Amino acid sequence: MTEIDLVPVFDGHNDTLLRLYQSKDADAEKLFIEGKSGGHIDLPRAKAGGFAGGMFAIFPPPVEKARRSAVPSAPSDSEPLPPEVPRTDALNSTIAMASILFRLERAGALAVCRTAADIRNAMAKGTIAAVFHIEGVEAIDPELTMLDVLHAAGLRSLGIVWSRPNAFGHGVPFRFPSSPDTGPGLTDAGKALVKACNELKIMIDLSHLNEKGFRDVAALSDAPLVATHSNVHAICGHSRNLTDWQLGAIRESGGMVGLNFATGFLREDGRMNADTSLDIMVRHVDSLLQALGEDGVGLGSDFDGAMIPAVIGDVAGLPKLIDALAARGFGNALIEKIAYRNWLGMLERTIG
């Protein structure tokens, strides 16, 4: 496949900013631009794979004294939630990663997009379209004053929790096999955050949120329900994946799900194993299409935040998944919807 006929991909989630932040390199943007940064995404490989942009997540990592594997190495049916992160630490890391994002924009490596029109313009110019996204809002105070500041800076999408508790709600542990019904719902501050996001046109990401929190968002939000990087619980019974009723609620709202490439959320055995086939990814896509319809499915790779199938390897391997969808009989129009058009349509309806 040549660069000319690459299908552009707009991706629902990556953790590239976290990887650059944790590299502790004084010139993190140079690592990204020159392609010496390791991991899954940099500028040369993005162009090689047809990566047109996506939600660039800012995830406050655990503090050093509480550091632990973000995802357990083997499935467990009793994995506890990671500990909370102090707001000061979360605020410092959030601002530092936002700084990397804006320095990448100043260097011409990407464009920070605040509207769907911005994304379309960036794609037309061949510039990576980056949406400022936060995964786990520990940096935001319960009074929501920091939400206004971050929104003014460009924040347009957020996941209320990562897989740990915070002032707004509870995430799901990395538990297998397990339903997502693992704890209480949103706090009063979390419910106020949902309403504020609706008013500001910040898209709410349901990935990592537990079942009761999901129900709270569904009851409160007037926007489509979106899970940027989650899979099908009926195929892989991980707490991070979406059950039939959750998929039904997303469809009823006109919402959307992005396929997560993390092997532990794809495989029937719940294991992190890079020797994972494209077939299981296509099977999840098929199941999502049946549950949500052709307008409700996209990609949410979790690049730089997960172990992904070795057959894809990194962002340059995206055409292999596109080819696998074509080999399954998906037509060009449907492939384009899954690759980028559905995300653009969803962002049109959520962030404007």
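Taking an unreviewed UniProt entry as the reference, the chain is identified by name as Membrane dipeptidase belonging to Mesorhizobium erdmanii.

**Student:** Can you explain the pairing of strand β8 (residues 256-259)? Please cite residues and give values.
**Tutor:** In β8, alternate side chains face the same way, and those of M256 and G258 on one face and V257 and L259 on the other are all buried. Bridge analysis of strand β7 (residues 226-227) against β8 gives 2 bridges, and the strand direction is parallel. Across the sheet, the residue bridging to V226 is M256, located in β8. For the crossover from β7 across helix α9 (residues 244-252) to β8, the handedness is right-handed. Bridge analysis of β8 against strand β9 (residues 297-299) gives 3 bridges, and the strand direction is parallel. When the bridges of β9 are listed, L259 appears paired with L299.

**Student:** So, the state of the cysteines: which residues are in play, and what are the values?
**Tutor:** All chains considered together, the criterion is met by 0 disulfides. Left unpaired, C113 is separated from the closest cysteine sulfur, that of C197, by 19 Å.

**Student:** So what's going on with the environment of E199? Which residues, and what values?
**Tutor:** Along the chain, the position of E199 falls in helix α7 (residues 188-200). Placed 139 residues apart in sequence, E199 and P60 show a C-alpha to C-alpha distance of 25 Å.

**Student:** Go over the packing of aromatic side chains, please, and point to the residues and values.
**Tutor:** This structure, assessed with the given rule, holds 7 aromatic pairs. Between F174 and F265, the ring centres sit 6.1 Å apart and the planes meet at 10°, which makes this aromatic pair stacked. Of this pair, F174 sits in the loop between β5 (155-159) and α7 while F265 sits in helix α10 (residues 263-266), and the two are 91 residues apart along the sequence. We note that F174, like F265, is buried.

**Student:** Any chance you could break down the pattern of salt bridges for me, citing the residues and the numbers?
**Tutor:** Per the counting criterion, the structure on display carries 15 salt bridges. Where D269 meets R267, a salt bridge forms, and the shortest distance between an N and an O atom there is 3.0 Å. With a relative accessible area of 33%, D269 lands in the partly exposed category. Using a relative accessible area of 17% as the deciding quantity, one classes R267 as buried.

**Student:** Can you lay out the nonpolar core for me, pointing to particular residues and giving the numbers?
**Tutor:** F10, F132, L158, I160 and F261 are the most contacted members of the largest nonpolar core, which has 114 residues in total. A per-element tally of this core places helix α13 (residues 332-350) first, with 9 residues. Apart from the residues within four sequence positions on either side, F261 is in contact with L266, M281, L299, G300, S301, F303, M307, I308, P309, I312, L318 and L321.

**Student:** Outline the pairing of β5, supporting the account with residue identities and numerical values.
**Tutor:** Of all 5 residues making up β5, 5 are buried, and the element is well covered by its neighbours. Strand direction decides the pairing type here: strand β4 (residues 128-135) and β5, joined by 4 bridges, are parallel. Bridge pairing in β5 links I134 to L158. In this region the chain leaves β4, passes through helix α6 (residues 145-153) and returns to the parallel neighbour β5; the handedness of that crossover is right-handed. As paired strands, β5 and strand β6 (residues 203-205) are joined by 3 bridges and run parallel to one another.

**Student:** Report on the packing of helix α8 (residues 211-220) against α9, specifying residues and quantitative values.
**Tutor:** It is the contact of α8 with α9, at a shortest axis distance of 12 Å, that shows an interaxial angle of 20°. Considering the angle they form, α8 stands roughly parallel to α9. Both α8 and α9 take part in a crossing whose hand is left-handed. For the pair formed by α8 and α9, the contact residues are E211, F214 and R215 on the first element and W245, Q246, A249 and I250 on the second.

Cut-offs and rules
Residues numbered from 1 in each chain as written. Predicted model: local features only at pLDDT ≥ 70, side-chain atom pairs only at ≥ 80, totals over all residues. Heavy atoms only, no water. Buried < 20%, exposed > 50% of the residue type's maximum accessible area, 1.4 Å probe, protein only. Helix = DSSP H or I, 4+ residues; strand = E, 2+ residues; numbered from the N terminus. Pairing = 2+ DSSP bridges. Right-handed = clockwise from strand over helix to strand, strands pointing away. Disulfide = S-S within 2.5 Å. Phe/Tyr/Trp six-rings, centres within 6.5 Å; stacked < 30°, edge-to-face > 60°. Salt bridge = Lys/Arg side-chain N within 4 Å of Asp/Glu carboxyl O. Core = buried A, V, L, I, M, F, W, Y, C linked by side-chain atoms within 4.5 Å. Contact = heavy atoms within 4.5 Å. Axes fitted to C-alpha atoms, helices over the stretch in contact; angles between N-to-C directions. Parallel < 35°, antiparallel > 145°, perpendicular 65-115°, else oblique. Left-handed = near helix turned anticlockwise from the far one by under 90°.

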